[in-house]
Amino acid sequence: MNIWIAVAVTALGCYAVKLAGLLVPAGALERPLVKRLAALLPVALLAALTAQQTFADGHALVLDARAAGLAAAAVALVLRAPFLLVVAAAVLVTAGVRAMGG
């Protein structure tokens, strides 16, 4: 039964956040600082999530096949490869390093 309480509280929290966003005056959203933050914040959060998922294992810092895959993706991006090729390079390098026992 406790899981349904958590689901209900989470749903209400999501609704409250959405409602709060709708109640923000339009003038506040037109400020240059807010526009700049809205443009940069998702990129920063995605970069932090990628770094955390790649280099962390619990409370330890790890360098394993995921780091090699991320490096391959970074090289593909620098070479201006299409997105699907970037993903494929990361997958292939990660799988290759894991297959070699790394």
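Here the structure is a predicted model, which is why all the values come from computation and not from measurement.

1. Concerning the side chain of Thr-94
Within the fold, Thr-94 resides in helix 5 (residues 83-99). By relative accessible area, Thr-94 is classed as buried at 17%. A polar contact is formed between the side chain of Thr-94 and the backbone oxygen of Ala-90, at a distance of 2.7 Å. Those residues in contact with Thr-94, other than ones at most four positions away along the chain, are Ala-65, Arg-66 and Gly-69.

2. Observations concerning unusual backbone geometry
One non-glycine residue, Arg-80, lies in the positive phi region at around 60 degrees. Among the structural elements, Arg-80 can be located in the loop between helix 4 (65-78) and helix 5. On the accessibility criterion, Arg-80 (76% relative accessible area) is exposed.

3. Concerning the packing of helix 3 (residues 32-55) against helix 4
Packing of helix 3 against helix 4 brings their axes to within 8 Å, and their N-to-C directions diverge by 140 degrees. Here helix 4 runs oblique to helix 3, going by the angle between their axes. The residues of helix 4 that touch helix 3, namely those facing Thr-50, Gln-53, Thr-54 and Phe-55, are Arg-66, Ala-67 and Leu-70. Residue classes in the contact of helix 3 with helix 4 are distributed as 3 nonpolar, 3 polar and 1 charged.

4. Concerning the pattern of salt bridges
Following the criterion strictly, the structure yields 2 salt bridges and no others. Its salt-bridge partner being Glu-30, residue Lys-35 comes within 3.3 Å of it at the nearest N-O pair. Assessed through its relative accessible area of 45%, Lys-35 is described here as partly exposed. Under the relative-accessibility criterion, Glu-30 is labelled exposed at 51%. Of the charged contacts in the structure, one is a salt bridge between Asp-64 and Arg-66, with a shortest N-O distance of 3.2 Å. Look at Asp-64 and you get partly exposed, because its relative accessible area is 28%. According to the relative accessible area criterion, Arg-66 is partly exposed, its value standing at 26%.

5. A look at the confidence of the model for the protein chain
In this model, the protein chain carries a mean pLDDT of 93, and residues with pLDDT of at least 70 account for 98%. Of all helices and strands in the protein chain, the one with the weakest mean pLDDT is helix 2 (residues 26-29) (87), whereas helix 5 scores best (96).

Parameters and conventions
- Residues numbered from 1 in each chain as written.
- Predicted model: local features only at pLDDT ≥ 70, side-chain atom pairs only at ≥ 80, totals over all residues.
- Heavy atoms only, no water.
- Helix = DSSP H or I, 4+ residues; strand = E, 2+ residues; numbered from the N terminus.
- Buried < 20%, exposed > 50% of the residue type's maximum accessible area, 1.4 Å probe, protein only.
- Polar contact = N/O pair within 3.5 Å; in protein donor to acceptor, adjacent residues only side chain to side chain.
- Contact = heavy atoms within 4.5 Å.
- Axes fitted to C-alpha atoms, helices over the stretch in contact; angles between N-to-C directions.
- Parallel < 35°, antiparallel > 145°, perpendicular 65-115°, else oblique.
- Nonpolar A, V, L, I, M, F, W, Y, C, P; charged D, E, K, R; others polar.
- Salt bridge = Lys/Arg side-chain N within 4 Å of Asp/Glu carboxyl O.
- pLDDT = per-residue confidence, 0-100.

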